[in-house]
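Structural overview for review
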Amino acid sequence: MGDVLRLDNEKKLLKQYYAGQQMPSPNEGFLMLLGVRPDGVGAAVGMFECSVSSLRYEIVIPKATRGERKAVKEVRVAGNDPDCPRHGVGHRLVRAGNDLVCRRCGIPFVKA
Ligand SMILES: [Zn+2]
């Protein structure tokens, strides 16, 4: 396994990632998700591989914002199961340890 690279258009790629769209690679082809690793302090790192070059890239997935936390809490207070505020309807948050987490973001949004 070679060095892991960073991308200079992370924000745009993250939008595509949350929307479930294909993410273009800087060397033609597209970025395939290898996995998401929580960093233990609220953020996560997505690991991707270019479909053409097999170069590997890391994208930092930012931790939950105050607004996202508030929105998730309000859904719970109303007695419902919250979806991921980034991935949207149908991407239910799941309990992981003490947190409610999106499996695709790796982000803990509230305490379980
Ligand atoms: Zn998510």
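Looking now at the domain arrangement of the protein. Structurally, the protein comprises domain 1 (4-61) and domain 2 (66-111). Taking only C-alpha atoms into account, the centre of domain 1 sits 22 Å from that of domain 2. With 9 residues of domain 1 at the contact, the number on the domain 2 side is 7 residues. Interface area lost by domain 1 to domain 2 is led by Tyr17, Tyr18 and Gly42, which between them contribute 61%. Our enumeration of links across domain 1 and domain 2 arrives at 0 salt bridges. Taken together, the links from domain 1 to domain 2 amount to 2 residue pairs in polar contact (both at pLDDT 80 or more). For the side of domain 1 that touches domain 2, the secondary structure elements donating two or more residues are α1 (10-18) and β3 (30-38). Residue composition of the side of domain 1 that touches domain 2, by class: 7 nonpolar, 2 polar and no charged.

The 5 strands are arranged β1-β5-β4-β3-β2 in an open sheet whose pairing can be described as mixed. Because the sheet does not close on itself, it has two edges, and the strands there are β1 (4-6) and β2 (23-24). Its contacts with the sheet put α1 on β1, β2, β3, β4 (44-50) and β5 (56-61), and the angle it makes with β5 is roughly 80 degrees.

Here we come to the coordination of the zinc ion. Listed as protein donors to the zinc ion are Cys84 (SG), His87 (ND1), Cys102 (SG) and Cys105 (SG); their distances from the metal cover 2.0 to 2.3 Å. Because the angles between the 4 donor atoms bound to the zinc ion fall within 104 to 115 degrees, the donor set is best described as tetrahedral. In terms of primary sequence, the donors binding the zinc ion are separated according to C-x2-H-x14-C-x2-C. Note that Cys84 is positioned in strand β6 (residues 83-84) and Cys105 in the loop between β9 (99-101) and β10 (108-111), a separation of 21 residues in sequence. Side by side, Cys84 and Cys105 carry an identical accessibility label, which is buried.

The strand order across the open sheet formed by 3 strands is β8-β9-β10, and the pairing between neighbours is antiparallel. Pairing within the sheet leaves two strands with one partner each, and these edge strands are β8 (94-96) and β10. Across this sheet, the average inter-strand angle for adjacent strands is 40 degrees, counted without regard to direction. With 3 bridges joining them, β9 and β10 adopt antiparallel strand pairing. Within β10, the residue paired with Leu100 across the bridge is Val110.

Calculation notes
Residues numbered from 1 in each chain as written. Predicted model: local features only at pLDDT ≥ 70, side-chain atom pairs only at ≥ 80, totals over all residues. Heavy atoms only, no water. Domains from an automatic or database assignment. Contact = heavy atoms within 4.5 Å. Buried area = accessible area lost by both parts, 1.4 Å probe. Salt bridge = Lys/Arg side-chain N within 4 Å of Asp/Glu carboxyl O. Polar contact = N/O pair within 3.5 Å; in protein donor to acceptor, adjacent residues only side chain to side chain. Helix = DSSP H or I, 4+ residues; strand = E, 2+ residues; numbered from the N terminus. Nonpolar A, V, L, I, M, F, W, Y, C, P; charged D, E, K, R; others polar. Pairing = 2+ DSSP bridges. Axes fitted to C-alpha atoms, helices over the stretch in contact; angles between N-to-C directions. Donors = N, O, S within 2.8 Å, 3.2 Å for Na, K, Ca; no water. Tetrahedral: all angles 85-135°; square planar, octahedral: opposite > 155°, others 65-115°. Buried < 20%, exposed > 50% of the residue type's maximum accessible area, 1.4 Å probe, protein only.

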